[in-house]
Every structure is written in structure tokens, then in C-alpha cells.
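# Inside the fold
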Amino acid sequence: MKIRELIEKLNEKQRKTVKRCLQSCEIIDLDEEVGIEINEDLLRFLKLISNPIRYKILKMVKNRWMCVCLISQALEEDQTLISHHLRSLKDMNLVHERREGKLRFYRTNLEELKKYIKLLEEEFS
């Protein structure tokens, strides 16, 4: 939608205020498109890492393999909860998983993380 079209949807009082602001803000192109499309993968990524536990896990295992039991001890959280968060991270390919016997070890997939960071950068550049 164009800026001009957005202004037309305002009530009279809002329109007057916005037009005054447009003059002082030096917004020139009223025919500029306002992009509001959402990259669903990027949105899912942002929601995923906005959780403090998942964010801490990603930081904790960024340069090392760690098992669930050590992660849960470090975060002082139940192993079941940590496993749940790791599953969410794994579903988006943000962690690598390695099995040794009954233990599972995890490490941040830095390449995938960088992919999302690049997408975010592109959205705002």
C-alpha cells in the first residue's frame, strides 16, 4: 500500500496532523510502497530465539558439544524442559545433534544461524 493511500484512510483531524508532519519530516514520495510482507521463516526464527532458555542454549553450545544433562545443570532447569527446547531448535536446524549411546550431544549450527541473521539484515537494509 502507498503512503498516499494510508493517509486517505485517516480521519480529517489525523490527515491534517500527518500532512503537517510530512512537510517538516521531509517525506517526499507519497507514492512509495509501504512493505509489510512478512518472511514467515524469519518470524519463526525470531520467536524461537526470543525465548531466554533457547537463547542461552544456543550461546552455551556455540563452540562445544554438550549433553542435555549438562545443559540442564548449567541452566538449573529440568532435563525434560531442556529437551523440549532443544527439539524446537533442532526442528529449525539451529543445532546439530550427535548421539553416543543413550546420550545426545548438541552444538549450535552456526551456518544456519548466520543464514537467519543475513535474512534479518536484508529485511532492514
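Predicted model, so just to flag it, every value in this text is computed and none were measured.

### So, the layout of surface pockets
Considering only enclosed or pocket space, the largest pocket measures out at about 210 Å³ in volume. In terms of lining, the largest pocket is formed by 13 residues, of which the most central are Val68, Ser83, Glu97, Arg104 and Tyr106. Looking at the lining of the largest pocket, the elements with two or more residues in it are α5 (68–75), α6 (79–91) and β3 (103–108). In terms of residue count, α6 provides more of the lining of the largest pocket than any other element does, 5 residues in total.

### Section: the pattern of salt bridges
One pass over the structure, following the stated rule, counts 7 salt bridges. Where Glu97 meets Arg99, a salt bridge forms, and the shortest distance between an N and an O atom there is 3.6 Å. Given a relative accessible area of 52%, Arg99 falls into the exposed group. In this structure, Arg98 engages Glu100 in a salt bridge whose closest nitrogen and oxygen atoms are separated by 3.0 Å. Residue classification places Glu100 among the partly exposed residues on the basis of a relative accessible area of 43%.

Thresholds applied
Residues numbered from 1 in each chain as written. Predicted model: local features only at pLDDT ≥ 70, side-chain atom pairs only at ≥ 80, totals over all residues. Heavy atoms only, no water. 1 Å grid on protein atoms, 1.4 Å probe; cavity = no way out; pocket = protein on both sides within 12 Å on 5 of 7 lines; lining within 4 Å. Points joined across faces, edges and corners; volume = space filled by probe spheres on them. Helix = DSSP H or I, 4+ residues; strand = E, 2+ residues; numbered from the N terminus. Salt bridge = Lys/Arg side-chain N within 4 Å of Asp/Glu carboxyl O. Buried < 20%, exposed > 50% of the residue type's maximum accessible area, 1.4 Å probe, protein only.

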